[in-house]
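# Chains, contacts and geometry: an overview
These are the residues of each chain, in order.
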Amino acid sequence: VQLQASGGGLVQAGGSLRLSCAASGRTFSRYVVGWFRQAPGKEREFVAASSRGASNTYYIDHVKGRFTISRDNAKNTVYLQMNSLKPEDTAVYYCAADGNLILSQIRIASGYAYWGQGTQVTVSS
């Protein structure tokens, strides 16, 4: 499966962005999809994930209540709606997918086989 992330940009603190991750190649609904981010000088960090069929969602604690992951399987697209953005949310955001991921690995980057190219999110103070 090939992933294409988009929607990043420059926004002021308190603003919103919606990232999109479009997939091609296979039935997206069968894949766990996650969003990760990497700030300069830092390790790649789990942000959110959606289980197969979107029955469950997972978030890192400091984005809960601000970010929402959703998926439109008919369009093979996963979204990350980001509200109340903070300067510390500045990073390159990556979407990732895997068809065989077990839930205990859902927050682990190395568990995902497929990655998009990343989209820059910059939040100014």
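Placed above this text is the structure.
The text that follows walks through the structure, step by step, so that each part is easy to find. (Residues numbered from 1 in each chain as written. Predicted model: local features only at pLDDT ≥ 70, side-chain atom pairs only at ≥ 80, totals over all residues. Heavy atoms only, no water.)

### Brief notes about the overall build of the chain
Note the threshold: Only DSSP runs of H or I covering at least 4 residues are called helices, and only runs of E covering at least 2 are called strands; the numbering of each starts at the N terminus. Throughout, the radius of gyration refers to the C-alpha atoms, and the reference size of a globule is 2.2 Å times the residue count to the power 0.38. To sort residues, take the accessible area from a 1.4 Å probe on protein chains only and compare it with the maximum for the residue type: under 20% means buried, over 50% means exposed, and anything in between is partly exposed.
Within the chain, the secondary structure is distributed over 0 helices and 11 strands. When the helices and strands of the chain are read in sequence order from the N terminus, they spell out β-β-β-β-β-β-β-β-β-β-β. Computed over its C-alpha atoms, the radius of gyration of the chain comes to 13 Å, within 12% of the 14 Å expected for a compact globule of 125 residues. Dimensions of the chain along its principal axes, counting C-alpha atoms only, are 40 × 25 × 25 Å. Burial analysis of the chain (125 residues in total) assigns 46% to the buried set.

### Points about the packing of aromatic side chains
What counts, and what does not: Here a Phe, Tyr or Trp ring, Trp counted by its six-membered ring, pairs with any other such ring whose centre lies within 6.5 Å, and the pair is stacked when the planes are under 30 degrees apart, edge-to-face when over 60, and tilted otherwise. Throughout this description, the term charge over a ring refers to an Arg CZ or Lys NZ atom that lies within 6 Å of the ring centre and within 35 degrees of the ring normal.
Tallied over the full model, the rule gives 6 aromatic pairs. Ring plane angle 75 degrees and centroid distance 6.4 Å describe the contact between Tyr94 and Trp115, whose orientation is recorded as edge-to-face. Here the residue Tyr94 occupies a position in strand 9 (residues 91-98), and Trp115 occupies one in strand 10 (residues 114-115), the gap between them amounting to 21 residues. We classify Tyr94 as buried; its relative accessible area is 15%. For Trp115, a relative accessible area of 27% puts it in the partly exposed group. Grouping aromatic residues by their ring pairs yields a cluster made of Phe36, Phe46, Tyr94, Tyr112 and Trp115. The ring of Tyr94 has Arg44 sitting right over it, with the charged end atom 3.8 Å from the ring centre. Between Arg44 and the ring centre of Trp115, over which it is positioned, the NZ or CZ distance is 4.8 Å.

### Focus on the pairing of strand 3 (residues 17-24)
Short version of the rule: Strands pair, by our definition, only if DSSP identifies at least two bridges between them.
One ladder, built from 5 bridges, connects strand 1 (residues 2-6) with strand 3; its direction is antiparallel. Paired with Ala5 across the strands is Cys21, a residue of strand 3. Where strand 3 meets strand 8 (residues 77-82), 6 bridges bridge the pair, whose relative direction is antiparallel. Pairing of Arg18 across the sheet is with Gln81, part of strand 8.

### Considerations on the state of the cysteines
What we call a disulfide is simply a covalent bond connecting the sulfur atoms of a pair of cysteines. Quick reminder of the rule: When two cysteine sulfur atoms are found within 2.5 Å, that pair is recorded as a disulfide.
All told, the structure shown has 1 disulfide when counted by the stated rule. The disulfide partner of Cys21 is Cys95, and the S-S distance across this bridge is 2.2 Å. In this structure, the disulfide formed by Cys21 and Cys95 twists by about 70 degrees around the S-S bond and is classed as right-handed. Of this pair, Cys21 sits in strand 3 while Cys95 sits in strand 9, and the two are 74 residues apart along the sequence. The exposure classification of Cys21 matches that of Cys95, with both residues buried.

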